[in-house]
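Observations on the three-dimensional arrangement
The residues making up each chain are set out below.
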Amino acid sequence: MRAEPVLTAPFVRVLAANFCFFLNFASFFLLPLHIRALGGSERTIGFVMGMAGLSGLVSVLVAGWLLDRFGRRLFFLAGLATMAVSSVGYVLVDRVGPLLFALRGVQGLAFAMGFNASSTLAVEYAPVTRRATALGLFGVSTLTTHAIAPALGEILVRHAGFHALFVVAACCSVVGLAIGWPLDPPPLHLTRRPTPLRLGRLLLVAFATSACMGLAFGSVITYVPTFVHDAHLEPVGTFFLSYTGAAVLSRLFGGRLGDAFERRTVILPALTVMAVAITALAGTTTVPTLAAAAVVFGMAQGVGYPTLNAFTVDQVSVDQLGRVQTIFNGAFNLGVTGGSMALGPVAEAFGQRAAFRCAAGVMALGVVVFAAGTRGARARRAAVSLDSLPTGAD
């Protein structure tokens, strides 16, 4: 039987708008360098970067219910618009102070609205049997920006300063807003009151694993820029280009693994390799080994994240997708926030290498949690109809 197509016109429009949204978001991977230039320490960098995740977490449960009740398009567009305005606001920042923290907090709210809405739209527009493939392609629209934005951003900052970067980043969101505006609500979206969501064992395990992965990912993304600078392994773009290239290729060519095989058999090796890659990053002393660690990290994250996401949405019905995606992404962002804030003092006192080793340990813990929590679980591909809507899974 011929597989249902994934690249429909609405799905491609979501990818394009999300790509613009993340060009803005990924431009702020360079914010730690700006904070340091303003006199901030590693601890300050951790708290500022973590502020985005902290503010986004505040709205997780409410945002998820609103997404399921009123649709995703509105919140996607609102996220794009809010991200644009908050990015321009950084032009007014001339010191480490309340305005810097406030703007980062607003960016966190914008990210929560935009990313949760766009990822839910991607799931809705995708065939049920090809969710891992669709989420892998959706991930490409985010991951490519992780290379493009920092690499081009470094050049822009070098020639025109950080203010120019902030303005260009805002313009990217405006373009995304124009692309996303014509989107129609997905045909599967329900306008009636969403059914209650029961957080069964598999969902809780998936959320916990997502949080562990988020901490590992967030620690690497937050502290690589200053690590590369302090270890004289410049430019920063070497890491991000290597990581992103590997992650994109793994999602393009390995994204089907999560649909072709039982999800668990793909997730566990991917998360294990991710822990090994972060450990290798902590020990790197040359540019080639930095690039190699980035490649392995990108491959593991590129396969593991969308498959774990597909495993999670498999457990629920269509009218629960907004809440589940919001909690899943919120758990990941909780990990990112924890990695930024908790490991900032570690990086300041013992160096970034120690912070990376801690992150690798947490990722290894995530492997144990998922392996133990899903042992014996029956493989499931959610083939949900609108006439029969379950309330969750154990």
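None of the values given here were measured: they were computed from a predicted structure.

Conventions we followed
Residues numbered from 1 in each chain as written. Predicted model: local features only at pLDDT ≥ 70, side-chain atom pairs only at ≥ 80, totals over all residues. Heavy atoms only, no water. Helix = DSSP H or I, 4+ residues; strand = E, 2+ residues; numbered from the N terminus. Buried < 20%, exposed > 50% of the residue type's maximum accessible area, 1.4 Å probe, protein only. Areas by Shrake-Rupley, 256 points an atom, 1.4 Å probe, with all protein chains shown as cover. Axes fitted to C-alpha atoms, helices over the stretch in contact; angles between N-to-C directions. Parallel < 35°, antiparallel > 145°, perpendicular 65-115°, else oblique. Left-handed = near helix turned anticlockwise from the far one by under 90°. Contact = heavy atoms within 4.5 Å. Expected span 1.5 Å × (residues − 1). Nonpolar A, V, L, I, M, F, W, Y, C, P; charged D, E, K, R; others polar. Core = buried A, V, L, I, M, F, W, Y, C linked by side-chain atoms within 4.5 Å. pLDDT = per-residue confidence, 0-100. Salt bridge = Lys/Arg side-chain N within 4 Å of Asp/Glu carboxyl O.

Attention now goes to the overall build of the protein. For the protein, the count of helices and strands is 15 helices and 0 strands. Scored against the burial criterion, the 394 residues of the protein give a buried share of 60%. A total accessible area of about 14,800 Å² is found for the protein, and carbon and sulfur atoms account for 71% of it.

So, on to the packing of helix α9 (residues 201–230) against helix α13 (residues 287–313). Remark: α9 packs on α13, axes separated minimally by 11 Å, with the N-to-C direction vectors making an angle of 155°. In this view, α9 runs roughly antiparallel relative to α13, as classed from their interaxial angle. Crossing handedness for the pair α9 and α13: left-handed. Taking contact as the criterion, the partners of Leu 202, Leu 203, Ala 206, Phe 207, Thr 209, Ser 210, Met 213, Phe 217, Val 220, Phe 227 and Val 228 in α9 are, on α13, Leu 290, Phe 297, Gln 301, Gly 304, Tyr 305, Leu 308, Phe 311 and Thr 312.

Within the fold, Thr 120 resides in helix α6 (residues 98–125). Thr 120 gets classed as buried once you look at its relative accessible area, which sits at 0%. Excluding anything up to four places from it in sequence, Thr 120 contacts Leu 67, Arg 72, Leu 321, Gly 322 and Gln 325.

Here Met 299 lies in helix α13. Residues Met 299 and Val 273 lie 26 residues apart in sequence; the distance between their C-alpha atoms is 8.7 Å. Every residue in contact with Met 299, bar those within four places of it in the chain, is listed here: Ala 246, Ala 247 and Ser 250.

Turning our attention to the environment of His 34. When you line up the elements, His 34 lands in helix α2 (residues 31–37). Judged by its relative accessible area of 8%, His 34 falls in the buried class. A C-alpha to C-alpha distance of 9.7 Å links His 34 and Val 157, two positions 123 residues apart in sequence. Residues contacting His 34, with those up to four places away along its chain left out, are Val 93, Phe 162 and Phe 166.

What follows concerns α6. With 28 residues, α6 should cover 40 Å at 1.5 Å per step; its first-to-last C-alpha distance of 40 Å lies within 8% of that length. Of all 28 residues in α6, 21 are buried; the element is thus mostly enclosed.

Time to look at helix α1 (residues 9–27). For α1, built from 19 residues, the straight-helix expectation of 27 Å at 1.5 Å per residue is met to within 8% by its first-to-last C-alpha distance of 27 Å. Those residues of α1 that sit buried are Phe 11, Val 14, Leu 15, Ala 17, Asn 18, Cys 20, Phe 21, Phe 22, Leu 23, Asn 24, Ala 26 and Ser 27. Those residues of α1 that are buried lie in contact with α5 (73–89), α6, α7 (131–160) and α8 (162–180).

Before going further, it helps to examine the packing of α13 against helix α14 (residues 321–350). Taken N-terminus to C-terminus, the directions of α13 and α14 make an angle of 140°; their axes are 10 Å apart at the nearest point. The angle between α13 and α14 places the two elements in the oblique class. In the crossing of α13 with α14, the sense of the turn from one axis to the other is right-handed. Taking contact as the criterion, the partners of Tyr 305, Leu 308, Asn 309, Thr 312 and Val 313 in α13 are, on α14, Leu 321, Val 324, Gln 325, Phe 328, Asn 329 and Phe 332. When the residues that make up the contact of α13 with α14 are grouped by side-chain class, the tally is 7 nonpolar, 4 polar and no charged.

What follows concerns the nonpolar core. Among the nonpolar cores identified, the biggest contains 96 residues, and Phe 239, Met 274, Ile 278, Leu 281 and Phe 297 are the most heavily contacted of them. The leading source of residues in this core is α9, at 16 residues. Within the second largest apolar cluster, 16 residues are counted, among which are Phe 28, Ile 45, Val 48 and Phe 166.

Residues with a pLDDT of 70 or more make up 86% of the protein, whose mean pLDDT is 82. Contacts of residues 379–394 to residues separated by more than four positions or lying in other chains number 47 contacts, the stretch itself having pLDDT below 50.

Let us look at the pattern of salt bridges. As enumerated under the stated definition, the model contains 3 salt bridges in all. Two residues, Arg 43 and Glu 348, come together in a salt bridge whose shortest N-O distance is 3.7 Å. With a gap of 305 residues between them, Arg 43 in helix α3 (residues 42–58) and Glu 348 in helix α14 connect regions that are remote in the sequence. Residue Glu 348 is classed as partly exposed on the basis of its relative accessible area of 40%. As a salt-bridge pair, Arg 263 and Asp 314 come within 2.8 Å of each other at their nearest N and O atoms. With Arg 263 in helix α12 (residues 263–283) and Asp 314 in the loop between α13 and α14, the pair connects residues that are 51 residues apart, well separated along the chain. Judged by its relative accessible area of 1%, Arg 263 falls in the buried class. With relative accessibility at 1%, the residue Asp 314 sits in the buried group.

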